[in-house]
Amino acid sequence: MIDRIDQEILRALETDGRLSNAALADRVGLSQSACLRRVQALEERGVIAGYRAVIDRSKLDGGLKVYVAVGLDRHTKADQAAFERAMIAAPEVLECHNVSGTIEYMLHVEVRDLAAYKHFHTEVLGTVPQVASIISYFVMGSAKNERG
């Protein structure tokens, strides 16, 4: 069960995963040892799945963010597994979600520019035999982004 203090710990770590245990304990009003025990328990239960750096890809070489809706031509387990393997191997794909609705997958893709996306669309996604439809949604701005 997640209580109010655990929720505060999770909110604080979502905002800044690099908080020291001392700073986290101070923020949530616990002793350092009690705070550490709670964080370790949340990690052991899998509530905290890991820690990561949030990278602003526009500062590197990935200024174009695209969400791609992909429909498959068949809905077999083997076709889904083959498609997922192809997306895992594609470095442009940061997230690949199997979704419900009129399509099977929603991809989060980040590339350098439109030419790089065209290459991904044609030479990567377009060569996966299971793909029946592709709809691209280009991100023009983000009013809220808590995932990084």
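Higher on the page you've got the structure.
Residues numbered from 1 in each chain as written. Predicted model: local features only at pLDDT ≥ 70, side-chain atom pairs only at ≥ 80, totals over all residues. Heavy atoms only, no water.

Enquirer: What exactly am I supposed to notice about the pairing of strand S2 (residues 93-98) here?
Expert: Regular strands place side chains that alternate from one sheet face to the opposite one. Both S2 and strand S3 (residues 105-111) contribute to a ladder of five bridges, which runs antiparallel. Residue pairing for S3: Val93 is matched across the bridge by Val109. Taking the residues that link successive antiparallel strands as the turn, the S2-S3 hairpin has six residues, and the phi of Gly101 there is positive, at about 120°. (Pairing = 2+ DSSP bridges. Helix = DSSP H or I, 4+ residues; strand = E, 2+ residues; numbered from the N terminus.)

Enquirer: Teacher, can you tell me more about the sheet that holds strand S4 (residues 131-138) here?
Expert: Paired through backbone hydrogen bonds, the strands of a sheet run either parallel or antiparallel to each other. The antiparallel open sheet is built from four strands, whose spatial order is S2-S3-S1-S4. Of all strands in the sheet, those with a lone pairing partner are S2 and S4, marking the two edges. Taken pair by pair, the neighbouring strands of this sheet meet at an average axis angle of 20°, ignoring direction. (Axes fitted to C-alpha atoms, helices over the stretch in contact; angles between N-to-C directions.)

Enquirer: How should I be thinking about the pattern of salt bridges in this particular structure?
Expert: A side chain of one charge can pair with a side chain of the opposite charge when the charged atoms of the two come close. In this structure the tally under the stated criterion is six salt bridges. Between Glu8 and Arg4 there is a salt bridge, and its shortest N-O distance comes to 2.3 Å. Linking Glu8 with Arg4, this pair stays in helix H1 (residues 4-15), spanning four residues, or about one helical turn. A relative accessible area of 22% means that Glu8 is categorised as partly exposed. Asp79 is paired through a salt bridge with Arg74; the nearest N and O atoms lie 2.8 Å apart. The buried category is assigned to Asp79, whose relative accessible area is 8%. The exposure class of Arg74 is partly exposed, given its relative accessible area of 47%. Each of Asp3, Asp6 and Arg38 takes part in a single network of salt bridges with overlapping partners. (Salt bridge = Lys/Arg side-chain N within 4 Å of Asp/Glu carboxyl O. Buried < 20%, exposed > 50% of the residue type's maximum accessible area, 1.4 Å probe, protein only.)

Enquirer: Hey, could you run me through helix H2 (residues 21-28) in this one?
Expert: Because an α-helix completes one turn every 3.6 residues, residues spaced three or four positions apart along the sequence face the same direction. Those residues of H2 not exposed but buried are Leu24, Ala25 and Val28. Burial along H2 is one-sided: seen end-on, the buried residues are contained in an arc of 100°. Every exposed residue of H2 that faces more than 90 degrees away from the buried side is listed here: Asp26 and Arg27. Here the buried face of H2 lies against H1 and helix H3 (32-44). Phi turns positive one or two residues past the end of H2, at Gly29, with a value near 75°. (Arc of directions from axis to C-beta. Contact = heavy atoms within 4.5 Å.)

Enquirer: How should H3 be read in this particular structure?
Expert: In a regular helix each residue adds 1.5 Å, so 13 residues correspond to 18 Å; H3 covers 18 Å between its end C-alpha atoms and thus fits that length. Contacts made by the buried residues of H3 are with H1 and H2. Gly46, located one to two residues past H3, shows a positive phi value of around 85°. (Expected span 1.5 Å × (residues − 1).)

Enquirer: Whenever I open this one, the side chain of Asp79 confuses me. Can you help?
Expert: Relative to the assigned elements, Asp79 resides in helix H4 (residues 77-89). Residues in contact with Asp79, not counting those within four places in the same chain, are Leu72, Arg74 and Gln130.

Enquirer: Mind showing me how you'd approach the packing of aromatic side chains here?
Expert: Each aromatic ring pair is summarised here by two numbers: the centre-to-centre distance and the angle between the ring planes. Applying the stated criterion to the full structure yields three aromatic pairs. With a centroid separation of 4.6 Å and 40° between ring planes, the pair formed by Phe83 and Tyr105 is classed as tilted. Within this pair, whereas Phe83 is found in helix H4, its partner Tyr105 is found in strand S3, the two being separated by 22 residues in sequence. Of the residues examined, Phe83 reaches a relative accessible area of 0% and is grouped as buried. Assessed through its relative accessible area of 1%, Tyr105 is described here as buried. (Phe/Tyr/Trp six-rings, centres within 6.5 Å; stacked < 30°, edge-to-face > 60°.)

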